[in-house]
Every structure is written in C-alpha cells, then in structure tokens.
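For reference, the chains in residue letters:
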Amino acid sequence: MGAFEELAEVSGGLSNRYVQGWKDQGKKVMGYVCTYMPEELLFAMDILPYRLTGRGVADTSVADSYLSRVNCSFARCCLELGLSAGYDFLDGAVFVNGCDHIRRAYENWAVHESAALPFMYILPVPHKITPEGLDWFQEEVGSFKSAVERRFKLKASPDKLREAVAVYNESRRLLKQLYDLRAGDNPPLTGAEMLTIISASMAMPRDEFNRLLKQVLDEVGSRPNAGPGKTRLLIAGSIMDDPEFIENVESLGAIVVTDSLCFGTRNIWNLTDEDGDPFTALCKRYYEHEPCPRMAGHYRRRLDFVKEQIERAKAEGAILEHIKFCDQHGTDNALLKKDLEAAGIPVIELEREYGPLSDAGRVRTRVQAFLERIG
C-alpha cells in the first residue's frame, strides 16, 4: 500500500488503526472542533488530537430531536454521532464557541449522561483580534490546559510543548509544499486528493502523518499530471471535509488547485514561532491565524487572503460554498462574491448540506453551468 492509499484509509472513516494503536498503548484520544483549538497542547501531553466530523452519518433523526433542522447539518451530524456512540473511542471532546449551532450541539451532547464523554469542555475564543483579546484567549487556553492536566493526570511541560510545536510546524511546511506543486502549471494532485491528505492529518498522530506525507511528496514526482486542460478553481467557505464533494466538481472538467478552508490553507498557512515561550507562541499563533467569519471586523483580511490564493495558484474561478443555515459563511460569501467579481474573478455561490446529506445532482448542474460561463 502506497503512502497516499494509507492516508486515504485513515480519512475514510471514523476510528482507524492509528487511533486504535494509540489507545492500545493506554493513551487518550481527545476530539476537538475548530482550528482555534491548539492541537499541540494535547499532543504535548501524549493525548491524540482528533478533529470531530460528521463522517458517515446517513441521517440525523436522533440529533433532530434536540437540534432542529433549521440548524447547520454539520452540527447535527456531530451531535448524531455523539448521541449514538459513534465517538465512543474518544476519551473527551473540546468544542469552541465558533457559532450558536455548534455550541448547542455541545450542550445537548454534554447533558446526556448516557452519551457524554468522560471529559467535555468548551473553549471560549474572542470574536475580534485585539491585544486585549489575545490576553483573554491565553487565559482561556491556560484554564483548558489546567483542566486537561487535572482530569488525566498529565503534564504539558515547556520542553514537550516545544517538541509538539516543531512536529506541527513540519506538517504545515510539508503541506505547503503540496500546495506549491498544485499551484504549478501541471498539478500532480487533484483537490479531492489534497483534502483526503489533510483530513488524515487530523485523525492520526502527527509525527506518523509527517512520515507518510514525506513519502507522498516523493511519490507525486513520478505521477501523471492531474490537471491538463482543466479549469482551475479555488474553493472557500464552510467546513469541508468531504473529498467526494470536490471529486463531484472535478469530474466536470475542473481541478481545485487551492482553497480558503479550515480543512486547508486557513489552518496551515501560519507557523508557530519556535523561539521564546512555547505556550505564549501557541496562543498567539492560533488566535491570530487566518480568520474565518466568526472573527468580526476582519473581512478585508479574508478577502485579501482569498485573492492571494487565487493569484498564486492561477485559479480561473472561485466556488464559495456554505452549509445551509450557516449565517456567518453565507453573509461572508455574498460580500466575497461582490468583491471578487468586481476584480474580474468569476464566482459561484453554492448552498449545500453537509457531507452525505448533500444534493450531488443539484451541485453538478450548477457547477457545470459555471464552468461553461468561464469557458
């Protein structure tokens, strides 16, 4: 089995052999939601950070009893798995106050004694990037760190934090190399393959992921090009951990060469400073990394980042997707569409449901018309 196939196996389901191997050693696995949660903090304690998804959910009938259908389907899928023991391999979960939908999912999961995990926590994150906000965020992360240390009798020492920071920075540098290859005239990877790789990074030990990622970088050098004659696209918007969605788009004669996603560039573009106090550097990196619409007053920065990604990857158009009822990304996408179109960049807005609940046929019809427009 090649390195890419191994990563695809990891990202294809919920638990995987790396998670099981970790637990077999007596170590803990902690689920988390949102890129504002410092993964290195857990990794430094020998806790495996595992990003929660709604992968594999066919319907949300249990979750809908507590979180109505006018809530985001990603939040409902996560709650469905939580209430139906889909995440029984986790030892805990930490959520971020990213939006009301995901916060309600956390609250409904946490109050169910039969389904709640041994450790459940919500990490408050300020909604603006300011010096005062950084101080507040650092206090909140410190409280979270202390709570985890007390609950699991573990310690994130400065030396362990430095080691974890180095491991995660290596991941980001290696992933950037793949983005650089995709930005070239002959991308060796499709957008669906790239998302598969990134999804695996959040469901296995990061040092093991780095080992496989280095092999992928060696392998792609001899692969046939994935994008000759195809329309080059950027995709941006709500949480996207579904390679099949991108595969659906790319099957119409396009190739996704870059993105502005939390499962993508927004999560890897900024490194953590490896000099000085590692805890302070971690808090600063996570608080100030490329912001999503939950951070108020930073639209211009988001627009500039999308334009930068389009330019560096020579994208010919942009897909701005948002999960139905996601007001934050829905509003942001309307502004991005106006400003990108004014800059001469063709844009399509897609409202969708999360993952397996999405309407693939409707998406294909709209994207096909968009590609014809680009010509």
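As shown above, the structure is provided for reference.
These figures come from a predicted structure and were not determined experimentally. (Residues numbered from 1 in each chain as written. Predicted model: local features only at pLDDT ≥ 70, side-chain atom pairs only at ≥ 80, totals over all residues. Heavy atoms only, no water.)

Caption draft 1: Quick peek at the overall build of the protein. On a plain count of helices and strands, the protein comes out with 15 helices and 8 strands. In terms of C-alpha radius of gyration, the protein reaches 20 Å, essentially the compact-globule figure of 21 Å for 375 residues. In terms of its C-alpha atoms, the protein occupies a principal-axis envelope of roughly 60 × 45 × 45 Å. When each of the 375 residues of the protein is scored for burial, the buried share is 59%. Sequence separation of at least 24 residues holds for 74% of the intrachain contacts in the protein that already meet a minimum separation of 6. Summing over all exposed atoms, the protein offers an accessible surface of approximately 14,700 Å²; the carbon and sulfur share of this is 49%. One finds the centroid of the 46 positive side-chain charges in the protein at a distance of 2 Å from the centroid of its 56 negative side-chain charges. (Helix = DSSP H or I, 4+ residues; strand = E, 2+ residues; numbered from the N terminus. Rg over C-alpha atoms; globule rule 2.2 N^0.38 Å. Buried < 20%, exposed > 50% of the residue type's maximum accessible area, 1.4 Å probe, protein only. Contact = heavy atoms within 4.5 Å. Areas by Shrake-Rupley, 256 points an atom, 1.4 Å probe, with all protein chains shown as cover. Lys, Arg positive; Asp, Glu negative; His and termini not counted. Charge placed at Lys NZ, Arg CZ, Asp CG, Glu CD.)

Caption draft 2: Focus on the pairing of strand β1 (residues 28–32). When you tally the buried positions in β1, you get 4 out of 5 residues, the bulk of the element. Of the pairings in the sheet, the one linking β1 to strand β2 (residues 47–51) comprises 5 bridges and is parallel in character. Each bridged residue has a counterpart across the sheet, and for tyrosine 32 the counterpart in β2 is arginine 51. Strand direction decides the pairing type here: β1 and strand β3 (residues 92–96), joined by 3 bridges, are parallel. Note on β3: the bridge partner recorded for methionine 30 is glycine 92. (Pairing = 2+ DSSP bridges.)

Caption draft 3: Molecular detail of the pattern of salt bridges. According to the stated counting rule, one finds 28 salt bridges in the structure shown. Its salt-bridge partner being lysine 27, residue aspartate 46 comes within 3.7 Å of it at the nearest N-O pair. With aspartate 46 in the loop between α3 (39–43) and β2 and lysine 27 in the loop between α2 (17–24) and β1, the pair connects residues that are 19 residues apart, well separated along the chain. The partner of lysine 155 in a salt bridge is glutamate 149, and the shortest N-O contact between them spans 3.8 Å. Since its relative accessible area comes to 11%, glutamate 149 is described here as buried. (Salt bridge = Lys/Arg side-chain N within 4 Å of Asp/Glu carboxyl O.)

Caption draft 4: Local environment of the packing of aromatic side chains. Within the structure shown, the criterion is met by 15 aromatic pairs. When the centroid spacing of 5.7 Å and the interplanar angle of 75 degrees are considered together, the rings of phenylalanine 43 and tyrosine 168 count as edge-to-face. Of the two residues, phenylalanine 43 is situated in helix α3 and tyrosine 168 in helix α7 (residues 158–183); the sequence distance between them amounts to 125 residues. Comparing phenylalanine 43 with tyrosine 168 shows no difference in burial state: the two are buried. Ring geometry for tryptophan 269 versus phenylalanine 305: centroids 6.3 Å apart, planes at 80 degrees, classification edge-to-face. With a gap of 36 residues between them, tryptophan 269 in the loop between α11 (265–268) and α12 (278–288) and phenylalanine 305 in helix α13 (residues 299–313) connect regions that are remote in the sequence. Across the pair, phenylalanine 305 and tryptophan 269 agree in class, each one buried. Taken together, the ring pairs connect Tyr50, Tyr87, Phe89, Phe95, Tyr106 and Trp109 into an aromatic cluster. Here lysine 27 stacks its cationic end above the ring of tryptophan 22, 4.3 Å away from the centre of that ring. (Phe/Tyr/Trp six-rings, centres within 6.5 Å; stacked < 30°, edge-to-face > 60°. Lys NZ or Arg CZ within 6 Å of the ring centre and 35° of its normal.)

Caption draft 5: Seen up close, the sheet that holds strand β4 (residues 119–123). Overall, parallel pairing links the 4 strands, which are arranged β2-β1-β3-β4 in an open sheet. Among the strands making up the open sheet, the edge pair consists of β2 and β4. Along the sheet, successive strands turn relative to each other by an average axial angle of 25 degrees, direction set aside. Set on the sheet, helix α5 (residues 100–110) makes contact with β3 and β4; between it and β4 the angle comes to about 155 degrees. The strands touched by helix α6 (residues 131–152) are β1, β2, β3 and β4; relative to β4, the strand with the most contacts, the crossing angle is about 175 degrees. (Axes fitted to C-alpha atoms, helices over the stretch in contact; angles between N-to-C directions.)

Caption draft 6: Representation of the sheet that holds strand β7 (residues 317–323). Spatially, 4 strands are ordered β6-β5-β7-β8 in an open sheet, and the strand pairing comes out parallel. The open sheet terminates on both sides in strands that have one partner only, identified here as β6 (254–260) and β8 (347–352). Averaged over all adjacent pairs, the angle separating strand axes in this sheet is 30 degrees, with direction ignored. Two strands pair when backbone bridges link them, and strand β5 (residues 231–237) and β6 are joined in this way by 6 bridges, in the parallel orientation. Looking at the pairing, threonine 231 lines up with alanine 254 of β6. Most of the contacts of helix α14 (residues 327–342) go to β7, to which it runs at about 165 degrees, and overall it touches β5, β7 and β8.

Caption draft 7: Region of interest: the side chain of asparagine 248. Summarising the element assignment, asparagine 248 is placed in helix α10 (residues 243–250). Assessed through its relative accessible area of 14%, asparagine 248 is described here as buried.

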